[in-house]
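Chain by chain, the residues:
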Amino acid sequence: MNFGLTDEQEMIVSTVRSFVENEIYPHEAEVERTGEVPPEVAEKIKQKTLDLGFYACNFPEEVGGAGLSHLEFALVERELGRGSMALAHFFGRPQNILMACEGEQREKYLLPAVRGERMDALAMTEPGAGSDVRGMKCSAKRDGGDWVLNGTKHFISGADHADFIIVFVATGEDQTPRGPKKRITTFLVDRGTPGFTIRDGYKSVSHRGYKNMILEFDNCRLPDAQVLGEVDGGFAVMNEWLYATRITVATNCVGRARRCFDLALNYAAEREQFGQPIGKNQGVSFQLADMITEIDAADWLTLSSAWRLDQGLPANREIASAKLYASEMLARVTDATLQIYGGMGLMDDFPIERFWRDARVERIWDGTSEIQRHIISRDLLRPLGA
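The following paragraphs examine the structure supplied in this document. Within any chain, residue numbers begin from 1 and follow the written order of that chain's sequence. Thresholds applied to this predicted model are a pLDDT of at least 70 for local features of residues and 80 or more for the giving and counting of side-chain atom pairs; totals over whole chains, interfaces and linings are not thresholded and use all residues. The basis for every side-chain value is the complete set of non-hydrogen atoms in the structure, without hydrogens or water.

Right, let's get into the nonpolar core. Residues enter a nonpolar core if they are buried and are Ala, Val, Leu, Ile, Met, Phe, Trp, Tyr or Cys, with the set joined through side-chain atoms within 4.5 Å. Note on classification: 1.4 Å probe, protein chains only; a residue is buried when its accessible area is under 20% of the maximum for its type, exposed when over 50%, partly exposed between these limits. Residues V76 and L98 are the most contacted members of the largest nonpolar core, which totals 48 residues. A run of H or I in DSSP counts as a helix once it spans at least four residues, and a run of E counts as a strand once it spans at least two, with each numbered from the N terminus. Those elements giving two or more residues to this core turn out to be α1 (7–34), α2 (39–52), α3 (70–80), α4 (85–88), α5 (104–115), β4 (164–176), β5 (179–190) and α6 (234–241). Sort the elements by how many residues they give to this core and α1 lands first, with 6 residues. Apart from the residues lying within four places of it in its own chain, the contact partners of V76 are I12, V16, F54, C57, L68 and F91. Ranked by size, the runner-up nonpolar core spans 28 residues in total, among them V249, C253, L288 and M291. Contacts were defined at the residue level, with two residues in contact if any of their heavy atoms lie within 4.5 Å.

With that settled, consider the pairing of strand β3 (residues 146–157). Looking down a regular strand, the side chains alternate between one sheet face and the other. At least two DSSP bridges between two strands are needed for those strands to be called paired. Here 5 bridges tie strand β2 (residues 139–143) to β3, and the two strands are oriented antiparallel to one another. Paired with A140 across the strands is L149, a residue of β3. Linking two consecutive strands that pair antiparallel, namely β2 and β3, is a turn of 2 residues; a positive phi of about 70° is found at G144 within it. Where β3 and strand β7 (residues 212–223) come together, 9 bridges link them in antiparallel fashion. Paired with D146 across the strands is P223, a residue of β7.

Under the convention used throughout, the expected extent of a helix is 1.5 Å for every residue step, that is, one less than its residue count. Over its 26 residues, helix α9 (residues 316–341) runs 38 Å from end to end, which matches the ideal 38 Å to within 8%, given 1.5 Å per residue. Here α9 lies mainly inside the structure; 20 of its 26 residues are buried. Backbone geometry just downstream of α9 places G342 in the positive-phi region, at approximately 70°.

Below, the discussion takes up α2. Helix length check: α2 (14 residues) gives 20 Å between terminal C-alpha atoms against 20 Å at 1.5 Å per residue, within 8%. Within the span of α2, buried status applies to V41, A42, I45, K46 and T49. Relative to the axis of α2, the buried residues are bounded by an arc of 135° and lie together on one face. Exposed residues on α2 whose side chains face more than 90 degrees from its buried face are P39, E40 and D51. Next to the buried residues of α2 lie α1 and α4. Downstream of α2 by one or two residues, G53 has phi in the positive range, about 85°. Directions from the helix axis toward the C-beta atoms define the arc.

What follows is the structure, given as structure tokens:
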């Protein structure tokens, strides 16, 4: 097994890291203070990403993307994870699910999204349906030749800047031995469509400036042309294109943990108590040893799951393991860093308290830690008939 990166991959890491340090770090304090990304800053980040050729780098070359492999895209996301998520959003990585677009949908949604002309957002979660996706109540019913959508979505990231939303709704129900099972269909809904409203969501302590929004559908009428994939085929679309989002969360966690560790390491070497650097005390130095070991383990676990996708190997369990371990690792690393900084770690003079707050949500979104454990355990037990 070759664990090294190619020269091209090393260049990707170096380029994106430099971008984050020069284009994102300088604006983080303002975003934290105001909870907003200034429009001119967002546009500047987006344009520089386009100039570098990294916009929509997760898409194949035949539709205008950079054609990066899963492993290479994981390296990009790892470096972006070092910076503010609110700012990194404008680096531009449209949802891969748009590759399911067909016919006129490609010209209206896929290609403009890849070119940076239109931004998308994904809407699945509802007030009563988080981990239980089939519990969604937002529904669409046939009316003549159209679909009529009703219901509410919440915790929808990026919807404040989106030109259109990829929405999953219930379009029917099947009776199974385990009870009713909802059929899900995916729709493409443009901002400004009659009956569709986007409003501010909740104020979160994590990732300030990266807003969650509430979507409301009140007799929102859509033609068949807005169905993405097949009617009642939403889960097929979801399973084919959305599994890799868990790798994104894992790699973001690794990048953020490495930035946090660098701060902890330097602080431990410089901060003196009792006439010597605190890093000379085993109470601190052993924490550093544990932190870097966990970060490296999460890094390799995450990159190996991306590599498995590139090789066409089964990776569902490995991806779940990476998301689970990396998100929980980040919680431990940020907490240990704050402890090393002591009282100053809780002050906003340093970004430590921000990393600590931001880390908490990673164990919840894109599948809670409990859901990841369920995926892993079922993968292990199902072949044994248990």
